[in-house]
Every structure is written in structure tokens, then in C-alpha cells.
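Spelled out from the first residue to the last, the chains are:
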Amino acid sequence: MALLESSGLLAPRNIALLILAAAVAAIGGAFAYESFGYLPCELCYKERTPYYAAFALAPLAAFAAQTGRRGMARAAFLLMALLFAGNAILSFYHSGVEWKIFAGPSDCSGPLSTAPSVTDFMKQLQSVKVVRCDEPNLWIFGLTLANWNVAISAALAGLALLAVRPSSTHGGAQ
């Protein structure tokens, strides 16, 4: 850690840029995944929120850290840490829904309602595409995307907190 600190790799500006790169990669990966015909569930959409927020907060934190605005940088990093920590918790819940440990939201994992007639059923099929939260359709190295998001979000929350440690917020522009 001392070597990384002395090299400047863990400077707040660099941490902000790393968080931004991770957010761009995550959202880019999500869009690529969708381009192959896979649709995200409702929880997946909610889990994207901190990444979108990082599109604005990470550049703000990088700019503030670079220009010596420690209070602004600290606020941006703390907000990102809070958002990504909350996302890790949401992703943990989503993982539990996928593993059938927790009951999921009724709009994406509850029982499917039946239509009163065949005509109504056909109309529902044409207008509604429900992607279930409890049935993952992609596994990478034995884990679902929600499982991976637990680790990624926790790591990004940790990085954001690392940027507000006392040694990284002093000493001018970094």
C-alpha cells in the first residue's frame, strides 16, 4: 500500500478516474448484453443507478481533487461510496432472490396472473414482456451478474472511501 501511495496511483483523482472507467465498463457491458437479446429485470435496472450517478460524480471528484477543492471531492466520494455500498446490498438481495433464498418483488418474481380469456392472454403476450428477477439468464464463472455486482459495487464503495482517507485529502492537488 505504501508503494501505491508513494507512486500516486491511489491519488484521489486517479481513484475517481478508475471509478468512472468501471462505471463506463459496467453500463457498456449492460448495453452489449442487451444487444444480444437479453433483457434485464427490474432489479437489474435499479442496480445501474449508482453507475449512472458515477458518470457525473466521478469527474466532479477528479476535478475537485485535482484543483484542491477537498470538501467538494470528499462529498462526491462519500456520495459514491454510499451509492455503491447500497448497491452492493441491493445486489446481495437480488442474488438471494435468484437463489430462492429471499422472496423477490412481486412484479418480477411473483406468480404469473392468468388472463380471463384467450383473447386477453394474447393481448398480454403482445404488450407485456416480464423478465423475472429470480431466473438469471447469464452465468459467468459460476456467478450471475447480480452476484458479480455485489463484489464490484463493494469494491467501488471501498475505493471511494479510500479516496477520502486523511492522507489522500491533504497535500494539494493530486
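The structure this text deals with has already been given above.
Residues numbered from 1 in each chain as written. Predicted model: local features only at pLDDT ≥ 70, side-chain atom pairs only at ≥ 80, totals over all residues. Heavy atoms only, no water.

## Thoughts on the packing of aromatic side chains
Okay, step 1: Tallying each qualifying case throughout the model produces five aromatic pairs.
Okay, step 2: The interplanar angle of 20 degrees and the centroid separation of 6.0 Å between the aromatic rings of Tyr 93 and Phe 102 together place this pair among those described as stacked.
Okay, step 3: For Tyr 93, a relative accessible area of 27% corresponds to the partly exposed category.
Okay, step 4: When its relative accessible area of 33% is taken as the criterion, Phe 102 is described as partly exposed.
Okay, step 5: One aromatic cluster is present, formed by Phe 92, Tyr 93 and Phe 102 through successive ring pairs. (Phe/Tyr/Trp six-rings, centres within 6.5 Å; stacked < 30°, edge-to-face > 60°. Buried < 20%, exposed > 50% of the residue type's maximum accessible area, 1.4 Å probe, protein only.)

## Overview of the environment of Lys 46
Okay, step 1: Within the element layout of this structure, Lys 46 appears in helix 3 (residues 42-47).
Okay, step 2: Leaving out residues up to four positions away in the same chain, Lys 46 has contacts with Asn 87 and Leu 90. (Helix = DSSP H or I, 4+ residues; strand = E, 2+ residues; numbered from the N terminus. Contact = heavy atoms within 4.5 Å.)

## Quick look at unusual backbone geometry
Okay, step 1: The backbone phi angle of Lys 100 is positive, close to 65 degrees, even though this residue is not glycine.
Okay, step 2: Assignment of secondary structure puts Lys 100 in the loop between helix 5 (70-98) and helix 6 (106-109).
Okay, step 3: For Lys 100, a relative accessible area of 54% puts it in the exposed group.

## Things to note about the side chain of Arg 165
Okay, step 1: Inspection of the secondary structure assignment puts Arg 165 in the segment after helix 8 (145-163).
Okay, step 2: A polar atom in the side chain of Arg 165 sits 2.3 Å from the backbone oxygen of Leu 162. (Polar contact = N/O pair within 3.5 Å; in protein donor to acceptor, adjacent residues only side chain to side chain.)

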